[in-house]
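# Structural overview for review
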Amino acid sequence: MRQLIAGNWKMNGLSGDAAAIAGPLRPGSDGLACDLLVCPPFTQIVTVANILVGSAVAVGGQDCHVNEKGAHTGDISAAMLRDAGASWVILGHSERRADHGETDALIQAKTRAAVAASLTPIVCVGETEAQRVAGQQNTVVGGQLTGSLPPGFAGVVAYEPVWAIGTGKTATEADVAAMHLFIRETLVRQLGDAGNSVRILYGGSVRPANAASLLSVPHVGGALVGGASLKAEEFLGIAKAAKA
Ligand code: 13P
């Protein structure tokens, strides 16, 4: 299974930035051993999709509504993302769980909506620092998986320990290995054999300097990259560390 390196731009990127970040990914993605995905803010999806059209780099959104259309001021549907040129969507990011009170049930409904619109969902899970200190990480992540993934889920899961996001702290290789194995076992219990084919990304302060070691941990199927995805050179540096 090829590893997936996905960039989550979060709430960053005006039109000039979008061209500067996405432009170099076209030539830079030639001959990479991994799949590459960028998830700009909604307003830049069309621009970025046009820049990357025909390249090996896919484009995704960072959230979608559960409904296809209707009276939901300020929201964006999965069909709209698809129409704008996206083929992926990040769902249940810890920042959305925290900022918008997103629950596992809502994230599961969004995941179903994404699949119905032919988007591949990346469903995020991860514990807070307090939960890890209390030794609750498996209970928390296990509960998020059970609650957020619909039956027959065939997307991607991203493990992002909240305390490692944007902090420069990364989980140790041993912690990543233990959690990714736990997620794999949970997926197989939940989805049967199909759980073996779900890529499990690691996210949280991934940089070119730590990418090779994180990406070599068993059951790590790629990386979900925040800050370092805003510079094409750093993002491609991480992608070069990925394995087929
Ligand atoms: P950072 O890479 O900036 O820590 O962000 C990780 C993340 O939240 C990606 O979704």
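Above: the structure in question.
What this report covers is the structure whose coordinates are included nearby. Fair warning: this is a prediction, and the values are worked out from it, not measured in the lab. (Residues numbered from 1 in each chain as written. Predicted model: local features only at pLDDT ≥ 70, side-chain atom pairs only at ≥ 80, totals over all residues. Heavy atoms only, no water.)

Let us look at the overall build of the protein chain. Summing up its helical and strand segments, the protein chain has 11 helices and eight strands in all. Relative to the globule expectation of 18 Å for 244 residues, the C-alpha radius of gyration of the protein chain, 17 Å, shows essentially globular dimensions. The principal-axis extent of the C-alpha atoms belonging to the protein chain is close to 45 × 45 × 35 Å. Evaluated residue by residue, the protein chain yields a buried proportion of 50% over its 244 residues. In the protein chain, the proportion of contacts linking residues at least 24 apart, taken out of those at least 6 apart, comes to 73%. The averaged location of the 20 negative side-chain charges in the protein chain is 3 Å from the averaged location of its 18 positive side-chain charges. (Helix = DSSP H or I, 4+ residues; strand = E, 2+ residues; numbered from the N terminus. Rg over C-alpha atoms; globule rule 2.2 N^0.38 Å. Buried < 20%, exposed > 50% of the residue type's maximum accessible area, 1.4 Å probe, protein only. Contact = heavy atoms within 4.5 Å. Lys, Arg positive; Asp, Glu negative; His and termini not counted. Charge placed at Lys NZ, Arg CZ, Asp CG, Glu CD.)

Estimates place the volume of the largest pocket at around 450 Å³. Among the elements that make up the lining of the largest pocket, the one with the highest residue count is helix H5 (residues 94-99) (three residues). (1 Å grid on protein atoms, 1.4 Å probe; cavity = no way out; pocket = protein on both sides within 12 Å on 5 of 7 lines; lining within 4 Å. Points joined across faces, edges and corners; volume = space filled by probe spheres on them.)

Attention now goes to the packing of helix H10 (residues 208-215) against helix H11 (residues 232-240). Between H10 and H11, the least distance of the axes is 8 Å, while the angle of their chain directions is 25 degrees. Taken together, the axis directions place H10 and H11 in an arrangement best described as roughly parallel. The hand of the H10/H11 crossing is right-handed. Facing Pro208, Ala211 and Leu215 of H10, the residues of H11 in contact are Glu234, Gly237 and Ile238. Classifying every residue of the contact of H10 with H11 gives four nonpolar, one polar and one charged. (Axes fitted to C-alpha atoms, helices over the stretch in contact; angles between N-to-C directions. Parallel < 35°, antiparallel > 145°, perpendicular 65-115°, else oblique. Left-handed = near helix turned anticlockwise from the far one by under 90°. Nonpolar A, V, L, I, M, F, W, Y, C, P; charged D, E, K, R; others polar.)

This brings us to the packing of helix H1 (residues 15-22) against helix H3 (residues 45-52). One way to put it is that H1 packs onto H3 with a least axis distance of 10 Å and a crossing angle of 30 degrees. Relative to H3, H1 is oriented roughly parallel. Here the hand of the crossing between H1 and H3 comes out right-handed. For the pair H1 and H3, the contacting residues are Ala18, Ala19 and Ala22 in the first and Thr47, Val48, Ile51 and Leu52 in the second. Here the residues of the contact of H1 with H3 are counted per class, giving six nonpolar, one polar and no charged.

Core analysis: the largest hydrophobic core is formed by 61 residues, its most contacted members being Ile5, Leu36, Val38, Val157, Ile183, Leu187 and Tyr202. Looking at which element gives the most residues to this core, the answer is helix H9 (residues 173-191), with six residues. Filtering out sequence-adjacent residues up to four positions away, Leu187 remains in contact with Leu145, Leu149, Val157, Gly192, Gly195, Val198 and Ile200. Judged by nonpolar contacts, the second largest core, of 13 residues, contains Ala6, Trp88, Ile90 and Leu224. (Core = buried A, V, L, I, M, F, W, Y, C linked by side-chain atoms within 4.5 Å.)

Glancing now at the sheet that holds strand E4 (residues 88-91). Read around the closed barrel, eight strands run E1-E2-E3-E4-E5-E6-E7-E8, paired in parallel fashion. Each strand of the sheet is rotated relative to its neighbour by a mean of 25 degrees, with strand direction disregarded. With five bridges connecting them, strand E1 (residues 4-8) and strand E2 (residues 35-39) associate as parallel partners. Pairing of Gly7 across the sheet is with Val38, part of E2. Its contacts with the sheet place helix H8 (residues 137-148) against strand E5 (120-125) and strand E6 (156-159), and it is angled at close to 150 degrees to E5. (Pairing = 2+ DSSP bridges.)

Between side chains of opposite charge, pairing is possible as soon as their charged atoms come close. Considering all chains together, one arrives at 11 salt bridges under this definition. We note a salt bridge from Glu95 to Lys10, for which the minimum N-O separation is 2.9 Å. Residue Glu95 is found in helix H5, and its partner Lys10 is found in the loop between E1 and H1; the two are separated by 85 residues along the sequence. For Glu95, a relative accessible area of 29% translates into the label partly exposed. In this structure, the salt-bridge partner of Lys110 is Asp63, at a minimum N-O distance of 2.7 Å. Within this pair, whereas Lys110 is found in helix H6 (residues 104-116), its partner Asp63 is found in the loop between strand E3 (57-61) and helix H4 (78-84), the two being separated by 47 residues in sequence. (Salt bridge = Lys/Arg side-chain N within 4 Å of Asp/Glu carboxyl O.)

Right, let's get into the pairing of E1. Across the five residues that make up E1, a large majority, five, are buried. Every second residue of E1 is oriented toward a common face, with Leu4, Ala6 and Asn8 on one face and Ile5 and Gly7 on the other, all of them buried. Judged from the four bridges that link them, E1 and strand E8 (residues 222-225) form a sheet pairing that is parallel. Along E8, the bridge assignment pairs Gly7 with Val225.

Purely geometric stuff here, so don't read any function into it on its own.
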